[in-house]
Structure formats: C-alpha cells, structure tokens
Amino acid sequence: MVVGGRGGQRHKIYQLDAFTGEPFAGNPAAVCLRTGPAAADWMQAVAGEMNLSETAFLWPEEGGYRLRWFTPATEVDLCGHATLASAHVLWETGRLAAAQPAMFHTRSGRLRAERSGDEILMDLPGPPAEPVAEPAGLGQALGTPIVWLGHNRSHYLVELESEGRLRGLRPDFRALAQLDGGVIVTAASDSEEFDFVSRFFGPAVGIDEDPVTGSAHCCLGPFWSARLGRSELTGYQASARGGRVRLRVAGDRVSVGGRAVTVLRGELLVGPP
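Note that the structure is predicted; figures quoted are calculated from it, not measured.

Engineer: Even after reading the chapter, I still don't get the side chain of S239, so can you show me in this structure?
Structural biologist: Inspection of the secondary structure assignment puts S239 in the loop between β15 (232-237) and β16 (243-250). Not counting the four nearest positions on each side in its chain, S239 is found in contact with E209, D210 and P211.

Engineer: How should the pattern of salt bridges be read in this particular structure?
Structural biologist: Side chains carrying opposite charge are able to pair once their charged atoms draw close together. Scanning all chains against the criterion turns up 18 salt bridges. Note that E267 is salt-bridged to R10, the shortest N-O span being 3.2 Å. Highlighted residues: E267 in strand β18 (residues 260-268) and R10 in the loop between α1 (5-8) and β1 (11-18), separated in sequence by 257 residues. The exposure class assigned to E267 is partly exposed, which follows from its relative accessible area of 38%. Between R68 and E75 there is a salt bridge, with the nearest N and O atoms lying 2.8 Å from each other.

Engineer: Sorry if this is basic, but what is going on with helix α7 (residues 214-228) here?
Structural biologist: Think of an α-helix as 3.6 residues a turn; residues three or four steps apart then line up on the same face. Spanning 15 residues, α7 covers 20 Å between terminal C-alpha atoms, matching the ideal 21 Å at 1.5 Å per step. The sharpest bend along α7 reaches about 30° and sits at L220, with the proline P222 one to four residues further on. Among the 15 residues that make up α7, twelve are buried, leaving the element largely enclosed by the rest of the structure. Residues of α7 that are buried: G214, S215, A216, H217, C218, C219, L220, G221, P222, F223, W224 and S225. The positive-phi residue at the C-terminal boundary of α7 is G229, with phi of around 70°.

About the thresholds
Residues numbered from 1 in each chain as written. Predicted model: local features only at pLDDT ≥ 70, side-chain atom pairs only at ≥ 80, totals over all residues. Heavy atoms only, no water. Helix = DSSP H or I, 4+ residues; strand = E, 2+ residues; numbered from the N terminus. Contact = heavy atoms within 4.5 Å. Salt bridge = Lys/Arg side-chain N within 4 Å of Asp/Glu carboxyl O. Buried < 20%, exposed > 50% of the residue type's maximum accessible area, 1.4 Å probe, protein only. Expected span 1.5 Å × (residues − 1). Bend = angle between axes of the 7 residues up to and from the residue.

So this is what it looks like as structure tokens:
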C-alpha cells in the first residue's frame, strides 16, 4: 500500500554525482523537486531516508527557486555540490532553458549558476579563513602536526605540510564531532594538474568524510589564491571517490565550477502531512 500526504501528493526526486562527469564518482546528492514549501521536519526525514551527505529541496519562488539543503542530521547554510546538482536537474528536465541561469534563494543569500561548456559555474560567497588558536584536541584528533590553522564562520581550515600526509590521515571522528563545524584539511598538490588537494571532515553535522565539498572550496579559494598569487585555481578533493573543482576568486565571491551526472530518477511517494 502506498501512503501519501496531501491526497497522495508525489514529488520527483533525483540522485546525482557532482563534481564529476562519471557515474559513481564525485559527491552524491539527492534533489527533490516541489511545487511549494514543506515543513522542515518532513524535509529532514526525507534527507535521513536518502542517507546522502546532502539532499536538496527546490520549489519556484520570486523568479527563481527556493533552495534548502539537509544532511541526514541537520539543515545547513550552504552546500556547493547539492547546488550544482540542483542546477543540473533544472536544465536536464527543461525547467530552465540551456542559456538561462539558475537563480536560487537560500540561507546564504541569492546564488547563481550558469552553464559554461560541459561545466556548471556557481557564484558563491567566499568568506576567507582568519588565523585562530588551535582548539584543544584538534591536532590529536587529526593525528598530524598542523602548519597553519584558520576559521571562516563555518569551518576550520587546516594546512598540512604535504599531500602525502593529507592522504594518509585517519582521523578520530568522535573527537572531531566535538568541534563546532567542519574541518577542511589542505596541502599543496604534488601534481602539476592541480594547485592544491583537500579533504573535508564533518562529523558534527553527520558526515564523517564528505567526498567533494563545494562550500569548503569557497574557503580554499581565497586561501590558495593569496598563497599562489593567482585568482584561477584547480583543486582536487582526495576522498575515496575524489573530485575536481575549478575556482575563480573575485573579491568576496568565488566561482566554483564542476560537472554533474544523473544516476537515478524516481518518485517520492510519501508527501508531507
């Protein structure tokens, strides 16, 4: 028996891999298309059911779309890979014409995404990380010496001495969960293909390690732009799935670019009460 709220209202739902052009790589996100708002507890329950790092909910609003992001545990202020996935779905389903930008109303203000060849470019806020004192237990939880440490309102930014040390991290996630926000770890890349590498740990919001994190690159962009003296950069998030992120830093904004591929289309049979 199928149970549906509001007379059996159903909603299209998609699963995509973001920051990759290949299925089963990059960062998975779910995108639920709605005709109007829903209660936060219902959206949170759907995100828990999808059990991905992020589930995005979209509905038309004020000439664009309202966009909200939920991890399996909580709503977040900004998610880059689920924004990329949401824009991809709007173009793929014909809700937006190919040349039409996607405009989103979010908890982080108005965001814009547009197509550029086979990539999607997102205009996102780029608050830089400011140096901070090391919180008790951070270095021990990461299991490595810290070269530089900063914070940007949402996440800690940790620079390590080498890509090899970054790739070899085996953090204590229970200890990291005691911190306020996520932990971005970064180092210069050993490869000429990339300017830097990174990993992102977010056990405080229900994600031990995120495969590819757009919001983290909003912080990484200004950091590496200042270090390298260039505004255009390419990063690689060195998770098990991995993903390539193209960046352009312009003042307090960061253009975050990547590809996405749809791997699942379905119908959510249970609507909100």
